[in-house]
Amino acid sequence: MPVVDISASAEEFDADPYAFYERMRAAGPVHRIVLNAGDPEPSWMIVGHEEGRRALNHPALSKDWRTSGNFADAQISAVSSNMLESDPPHHTRLRRLVSREFTARRMEGMRARIQQIADELLDAMATGPERAGDLIETLAFPLPMTVICELLGVPDLDRARFRHWSNEIVSPTSVEANGAANREMGTYLVELIGAKSKDPGEDLLSALIRASDEDGDSLSSDEVIGMAFLLLIAGHETTVNLISNGVRALLAHPEQLAALRGDFDGLLDGAIEEMLRYDGPVQHTTYRYAREPLDLGGTVIPAGATVFVSLGGADRDPARFEDPGAFDIGRAPQGHLAFGHGIHFCIGAPLARMEGRIAIRSLLERFPDLAEDRAAGPPAWLPGTLMHGVSRLPVRW
């Protein structure tokens, strides 16, 4: 099978990964790829919706890199002790303990506070002298960051430092910078959890430290660190892209924007789902490892292979969605894979959806003349293949 070298066209892929997925899917749902220059060998990427859905919940594909045999000399840090990097039964245990605290009731109880944060950020935008700026800086970044930090009880975390760590972890500029960000954030979390253990509060992080089930099982200190790491990064970075990608899609499709403005109550929920399908925050999953040969879409992936599921590719599959390249907030996009599928389905999906609805509705209601500021220059695309979005979004209001 030919190898698709995405790393050789990194800038083109950052700007429009969907053109790559379309060409790949035309040749089949499963491909050998090179994602990053310097990869020791090609990986496998699944771009078909049905094949991707199967792979996301297939027991032959492991998420635990420690048991893959590919990293014999790697050092294991506490930040890896999380649900995303584990398999059943360990994953089942972690998910059960965390789910007891990450409840729909707790999330719903945050609605008024999320609205308050959004209103305060929009107030600041409204009083700015320029009536123009970067929507990432003014809304898309500070809203989810404030929400997840308050939810976890992270005190006075320096935003510039956190944003640097987060960006390097999900969109690394180099291997060295990625490693440094992981180490520095891990050190910070060790100190934070030590302080929380001595002086707990009513926040989610304190609840995770106390969490136990009927049998008395509880999270170890490393597992609390791993879960805090996962929730801080995933609970912030993905929602930044949901908000910014959603606004970009609306501004690029004025007829859809006008329809939404005319019927928020009837169209907003579906619009958020279409934003997730059309240009979701996460382009592909993190690593999976084939425990045994696996037949997907007529292609056999060999045992030991590294496998990615292209969520963005699957959600533009014409076999699942009619006219998938069209942005249509009136469609029924049920079945999209933006939050994954199966046992690793995103535990924070209800919170992300709530933040997206509040942020986008509040923004559009407050600023009826919102528009892209094309004079500020072209988009600055996030580097790397994991996330698709922009690092700055100049707008006028």
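It should be noted that the structure appears before, not after, this text.
Residues numbered from 1 in each chain as written. Predicted model: local features only at pLDDT ≥ 70, side-chain atom pairs only at ≥ 80, totals over all residues. Heavy atoms only, no water.

Chemist: Pulling in residues and values, what's your account of the environment of Leu-121?
Modeler: Along the chain, Leu-121 falls in helix α6 (residues 111–126). Along the primary structure Leu-121 and Leu-363 are separated by 242 residues, whereas in three dimensions their C-alpha atoms are 9.7 Å apart. Apart from residues lying up to four places away in sequence, Leu-121 is in contact with Thr-138, Leu-139, Pro-142 and Leu-143. (Helix = DSSP H or I, 4+ residues; strand = E, 2+ residues; numbered from the N terminus. Contact = heavy atoms within 4.5 Å.)

Chemist: Break down the pattern of salt bridges for me, citing the residues and quoting the values.
Modeler: Enumeration according to the criterion identifies 18 salt bridges in this entry. One salt bridge in this structure joins Asp-123 and Arg-366, with 2.9 Å as the shortest N-O distance. With Asp-123 in helix α6 and Arg-366 in helix α16 (residues 349–366), this residue pair connects regions lying 243 residues apart in the sequence. In this structure Asp-123 comes out as partly exposed when scored by relative accessible area, which is 38%. The class of Arg-366 is partly exposed, set by a relative accessible area of 30%. Among the salt bridges present, the one from Glu-274 reaches Arg-277, with a minimum N-O distance of 2.8 Å. A residue pair is termed a helical-turn pair when its members lie 3 or 4 positions apart in one helix, as Glu-274 and Arg-277 do in helix α14 (residues 264–278) at three residues. As far as the burial class goes, Glu-274 and Arg-277 line up, both buried. Beyond isolated ion pairs, a larger network of salt bridges with shared partners links Arg-93, Arg-96, Asp-217 and Glu-223. (Salt bridge = Lys/Arg side-chain N within 4 Å of Asp/Glu carboxyl O. Buried < 20%, exposed > 50% of the residue type's maximum accessible area, 1.4 Å probe, protein only.)

Chemist: An account of the nonpolar core is needed here, citing residue identities and associated values.
Modeler: Counting 108 residues, the largest nonpolar core has Leu-143, Met-185, Leu-189, Leu-232, Leu-363 and Leu-370 as the members making the most contacts within it. The element best represented in this core is helix α12 (residues 221–252), accounting for 16 residues. Contacts of Leu-143, omitting those with residues within four sequence positions, involve Ile-114, Ile-117, Ala-118, Leu-121, Ile-243, Glu-355 and Ala-359. (Core = buried A, V, L, I, M, F, W, Y, C linked by side-chain atoms within 4.5 Å.)

Chemist: Mind laying out the sheet that holds strand β5 (residues 132–134), listing which residues take part and the relevant values?
Modeler: Within a sheet, adjacent strands bond to each other through the backbone by hydrogen bonds, running parallel or antiparallel. Here three strands make up an open sheet; going across it, the order is β5-β13-β10 and the pairing antiparallel. In this open sheet, the two edge strands, each paired with only one partner strand, are β5 and β10 (371–372). Examined bridge by bridge, β10 and strand β13 (residues 394–396) share two bridges and lie antiparallel to one another. What sits directly across from Glu-372, in β13, is Val-395. (Pairing = 2+ DSSP bridges.)

Chemist: Break down unusual backbone geometry for me, citing the residues and quoting the values.
Modeler: Across residues other than glycine, the phi torsion is negative in most instances, and most of the peptide bonds are trans. Residue Pro-89 is bonded to the preceding Pro-88 through a cis peptide linkage, with omega at 5°. Mapped onto the fold, Pro-89 is located in the loop between β4 (61–62) and α4 (90–99). Even without being a glycine, Arg-131 presents a positive backbone phi close to 55°. By the secondary structure assignment, Arg-131 is in the loop between α6 and β5. In this structure, Asp-323 is a non-glycine residue whose phi angle is positive, near 45°. Looking at where Asp-323 falls in the secondary structure, it is placed in the loop between α15 (311–314) and α16. When its relative accessible area of 53% is taken as the criterion, Asp-323 is described as exposed.

Chemist: Explain the packing of aromatic side chains to me, and be specific about the residues and the numbers.
Modeler: Under the criterion given, the structure shown has nine aromatic pairs. On the basis of an interplanar angle of 85° and a centroid distance of 5.8 Å, the ring pair of Phe-13 and Tyr-21 is categorised as edge-to-face. The pair Phe-13 / Tyr-21 is uniform in exposure class, with both members buried. Taken together, Phe-13, Tyr-18, Phe-20 and Tyr-21 form an aromatic cluster joined through their ring pairs. Above the plane of the ring of Phe-321 lies Arg-277, whose end atom (NZ or CZ) is 5.4 Å from the centre. Stacked on the ring of Tyr-278, the Lys or Arg Arg-316 has its end atom at 4.3 Å from the ring centre. (Phe/Tyr/Trp six-rings, centres within 6.5 Å; stacked < 30°, edge-to-face > 60°. Lys NZ or Arg CZ within 6 Å of the ring centre and 35° of its normal.)

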